[in-house]
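# Reading the structure
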Amino acid sequence: MSTDHYGKESRYYMTTFSWGNNEFGQLGDGTNIDSNVPVTVSGSVNFIAITGGIFHSLSILSDGLVRAWGANYSGQLGDGTLNDSNIPETVMALMNAIEVAAGVFHSLALLSDSTVRAWGDNFSGQLGDGTFNSSTVPVSVIGLTDAIAISAGLNHSLALLNDGTVRAWGGNFFGQLGNGTDTTSNVPVTVIGLSNVIAIAAGGGHSLALLDEGTVRSWGENSNGELGDGSTTDRSIPVQVVGTGGSGFLNNVIAIAAGEFHNLALLNDGTVLTWGNNEYGQLGDGTNTSSNVPVQVLGTGGSGFLNNVVAIAAGGFHSLALLNDGTVVGWGNNESGQLGDGNNTDSDFPVPVSGLTNSITIAGGGDHSLDIQQLPVPPLPVITCTADIFQLNDPGQCGAIVNYPPPMVSDQCPEGFTVSCHPSSGSFFPVGTMTVTCTVTDPCGGSASCLFDVTVIPNPCLVGGTPRVACFLTDENGNQLDPLAEGSILCREIPQMGGRKNVTMSLPNGQTKRLQKVKVLKKGFVVVEVSGGNITMKTLPIPFQAVETFFLCAHAGTSVHCEITDFECEATIICDANQNFQQLDLFISMCQSVQTEAEIIVEIEGKLCEPRKEISTSCPFPDIPPQCSEVFPPATSSFAKSISYLEKPVPLMKGRQQEKICIRTSKVYDWVIRPIDITLRLDINQVNFIC
């Protein structure tokens, strides 16, 4: 009961509208209130095909899923229940659908693999699964593997095969299966005498087929002249629809549609012919007289003839036409507002459906209508986040529960939008800075994001319990060090421009001494740790340094060696009356040993030879053997005189070669021990605590 029209540009998005009877929620707008103007079907942006049954509706999504809404007392919604729904529900276990059809109490879907699924009422075998058991979920129609189109009537179903033949199944009281009998069939049977068919349509108790030559065949019930053969005789095999006024045969047809007891044909010149029941004016010829031959539909307002039509659809007792400008007109029964013109008055000629200007697909249900609009994509949404948030940690926590206002959003998608933020407001944020991302998305394909930072500032005054404060030496990465270990604290001379300056100093005894001015740098890092309750906070490494001036005997060639011999660090946390951190006071006390020294070489020269102890003392005193080493200088040297403390004089070694030994060592020229105190007072902007 639907015909599609495409050709709009792809920069549009699609939304489905519906109007008319809504007793069972078949309009899909979330209510059960009838509407005589189009309303938006909930969540319909991705619908690409629609169809209407007597009291329910079906759609296909762009991903091949099927949604259904409205009456469900026979399981025709296919969601596994018998519950009506006024919003679209997903049909279970169904994917890759390319066409849907809705009967009175049953539904069909054609899949991309050319098979057919059916669900809902099966009293007459209209599900085609070989049983008469109704089903709330899709079942496979037996024997169909090459279907290219489907249609559903009151209690029968049709399928067009890719070879141009037609299969039918279900109720056959009026011969609507077209197999020459009036016997019901719960499996597909071949419609007799049809080939080269390009379109099919199932009405209440009759059926239609459009051939590739532009002629139309019909079969089944004919009590209202719905077969269009000039009679009111039912037919169990196809007959040819005659031309207007009963002359010749209908031709130049490019589309067909079947209602409960009437039919429509779209001709290649954009005009429309109708035949069958006309109780409510559904033939659109300006009368309420039924016709067993085609009549021409009048123009809008009842003047001229309707033209520029690109698609047609039939409801139970009303008709629809889509014009080439994207507008829609309707005529016939309007008791429930199914003509969509803003009133509930029947019309025997076409009237414009209110507000539809970009239609691409129309469909008629029992007493309701459907339409897919292809609308210009609205501007992308705009989202604005709150400013960055700074908050102290919660008492006794290494973080805080942070609540923030939702972002401001501007979005013009008529389907609405959704906003999500991560982490969400009311989440626990650990100490430090975390970025919150908020995103708005809409069914029209728009999305936008914004960011802001949440910084939880650690407050040492809120550690809980009785706080304990400790201070210790670390490296620049916060690793604790032994303050007395060499290199833990940098202590070195600072080179001065032009070198060390000579300074004459007066000693206490009145003598003067020329010394050198030396500048020494002490530098390192400390970390302050505050603990209490179940948490511990530490500062990032806090640098300290001091430069002192020493007057030392440090002439050219000497170097300064510095050593820390004692180290103490005390820290005081200062909080205000509201337990807000205000200040950190640090007192660092060190003892230092500073020396000036230079490397020297001591040269020792001498001769010495003594018997080895293992030689017996009973032997006469031997001559000194020539192999004895010479380690001391001759006795005549000034150095030999300086070792006169030896018990025996050193025998002279005439004729022996002297040996010299050099010893490399260092000499301390000056040595100072001095304490140094460093005091730091840091405000809240100079200290960074971490948990």
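Below you will find a few notes about this structure. Since the structure is predicted, the reported quantities are computational estimates derived from the model, not experimental observations. (Residues numbered from 1 in each chain as written. Predicted model: local features only at pLDDT ≥ 70, side-chain atom pairs only at ≥ 80, totals over all residues. Heavy atoms only, no water.)

### What about the sheet that holds strand β22 (residues 272–276)?
One open sheet accounts for four strands, arranged β20-β21-β22-β23; its pairing is antiparallel. Edge positions in the sheet fall to β20 (253–258) and β23 (291–296), since each of these pairs with one other strand and no more. Geometrically, the sheet is characterised by an average inter-axis angle of 20° between neighbouring strands, direction not taken into account. Looking at chain direction, β22 and β23 are connected through three bridges and run antiparallel. Counterpart to Gly276 in the pairing with β23 is Ser291. (Pairing = 2+ DSSP bridges. Helix = DSSP H or I, 4+ residues; strand = E, 2+ residues; numbered from the N terminus. Axes fitted to C-alpha atoms, helices over the stretch in contact; angles between N-to-C directions.)

### Side note on the state of the cysteines
Here a disulfide denotes one covalent bond, and it connects the sulfur atoms of two cysteines. Following the criterion strictly, the structure yields seven disulfides and no others. Here Cys421 pairs with Cys438 through a disulfide, and the sulfurs are 2.0 Å apart. Around the S-S axis, the bridge from Cys421 to Cys438 shows a dihedral of about 115° and counts as right-handed. You can see Cys421 sitting in strand β34 (residues 418–422) and its partner Cys438 sitting in strand β36 (residues 432–441), a full 17 residues away along the chain. For Cys421, a relative accessible area of 21% translates into the label partly exposed. The class of Cys438 is buried, set by a relative accessible area of 0%. Of the cysteine sulfurs around Cys553, a residue in no disulfide, the closest is that of Cys562, at 18 Å. The exposure class of Cys553 is buried, given its relative accessible area of 17%. This cysteine, Cys591, is not joined by any disulfide, and Cys562 carries the nearest cysteine sulfur, 12 Å off. (Disulfide = S-S within 2.5 Å. Buried < 20%, exposed > 50% of the residue type's maximum accessible area, 1.4 Å probe, protein only.)

### A short note on the sheet that holds strand β26 (residues 328–332)
Sheet architecture is open: four strands sit in the order β24-β25-β26-β27, paired in antiparallel fashion. Single-partner strands in this sheet number two, and they are β24 (309–314) and β27 (347–352). Pairs of neighbouring strands in the sheet enclose a mean axial angle of 20°, with direction left out of account. When strand β25 (residues 318–323) meets β26, the two strands line up antiparallel, connected through five bridges. Bridging across to β26, Ser319 finds its partner in Trp331.

### Some details on the pattern of salt bridges
By the definition in use, this model includes seven salt bridges. Salt-bridge contacts for Arg235 lead to Asp229; the nearest nitrogen and oxygen are separated by 3.0 Å. By relative accessible area, Arg235 is classed as partly exposed at 28%. With a shortest N-O distance of 2.8 Å, Glu548 and Lys522 are connected by a salt bridge. Residue Glu548 is located in strand β43 (residues 542–552), and its partner Lys522 is located in strand β41 (residues 512–532); the two are separated by 26 residues in the primary sequence. (Salt bridge = Lys/Arg side-chain N within 4 Å of Asp/Glu carboxyl O.)

### Some points on the packing of aromatic side chains
In this description, a pair of aromatic rings is defined by centroid distance and the angle of the planes. Going through the model one piece at a time under the given rule, you end up with nine aromatic pairs. A centroid spacing of 5.6 Å and a plane angle of 85° characterise the contact between Phe581 and Phe689, whose relative ring orientation is edge-to-face. With a gap of 108 residues between them, Phe581 in strand β45 (residues 581–606) and Phe689 in strand β47 (residues 689–690) connect regions that are remote in the sequence. We classify Phe581 as buried; its relative accessible area is 10%. (Phe/Tyr/Trp six-rings, centres within 6.5 Å; stacked < 30°, edge-to-face > 60°.)

### Observations regarding unusual backbone geometry
The linkage connecting His422 with the following residue, Pro423, adopts the cis geometry, with an omega of -10°. Position of Pro423 relative to the elements: it lies in the loop between β34 and β35 (427–430). Positive phi, close to 55°, is recorded for Ala93, a residue that is not glycine. Inspection of the secondary structure assignment puts Ala93 in the loop between β7 (85–90) and β8 (97–102). Overall, Ala93 belongs to the exposed group, its relative accessible area being 82%. In this model, Asn196 sits at a positive phi of 60°, which is unusual for a non-glycine residue. Of note, Asn196 is situated in the loop between β15 (185–190) and β16 (197–202). Take Asn196: its relative accessible area is 43%, and that puts it in the partly exposed class.

### A closer look at the nonpolar core
Judged by nonpolar contacts, the single largest core of 29 residues is most densely connected at Val526, Phe544, Phe567, Leu584, Leu586 and Met590. Elements with a minimum of two residues in this core: β38 (468–474), β41, β42 (535–539), β43, β44 (559–575), β45 and β46 (659–683). Look past the residues within four positions of Leu586 in its chain and what remains in contact with it is Cys471, Val526, Val528, Ile542, Cys569, Glu570, Ala571, Ile678, Thr679, Leu680 and Leu682. (Core = buried A, V, L, I, M, F, W, Y, C linked by side-chain atoms within 4.5 Å. Contact = heavy atoms within 4.5 Å.)

### Points about the side chain of Ser336
Note that Ser336 resides in the loop between β26 and β27. A distance of 3.4 Å separates the side chain of Ser336 from the side chain of Asn21, its partner in a polar contact. Not counting chain neighbours up to four residues away, the residues in contact with Ser336 comprise Gly20, Asn21, Asp34, Ser35, Asn344 and Asp367. (Polar contact = N/O pair within 3.5 Å; in protein donor to acceptor, adjacent residues only side chain to side chain.)

### Examining the side chain of Lys522
Using a relative accessible area of 0% as the deciding quantity, one classes Lys522 as buried. A distance of 3.0 Å separates polar atoms of two side chains, one belonging to Lys522 and the other to Gln592. Not counting the four nearest positions on each side in its chain, Lys522 is found in contact with Leu490, Cys491, Phe544, Gln545, Ala546, Glu548, Phe550, Cys562, Ile564, Met590, Gln592 and Ile676.

Everything listed here is a matter of coordinates, which is why it stays silent on function.
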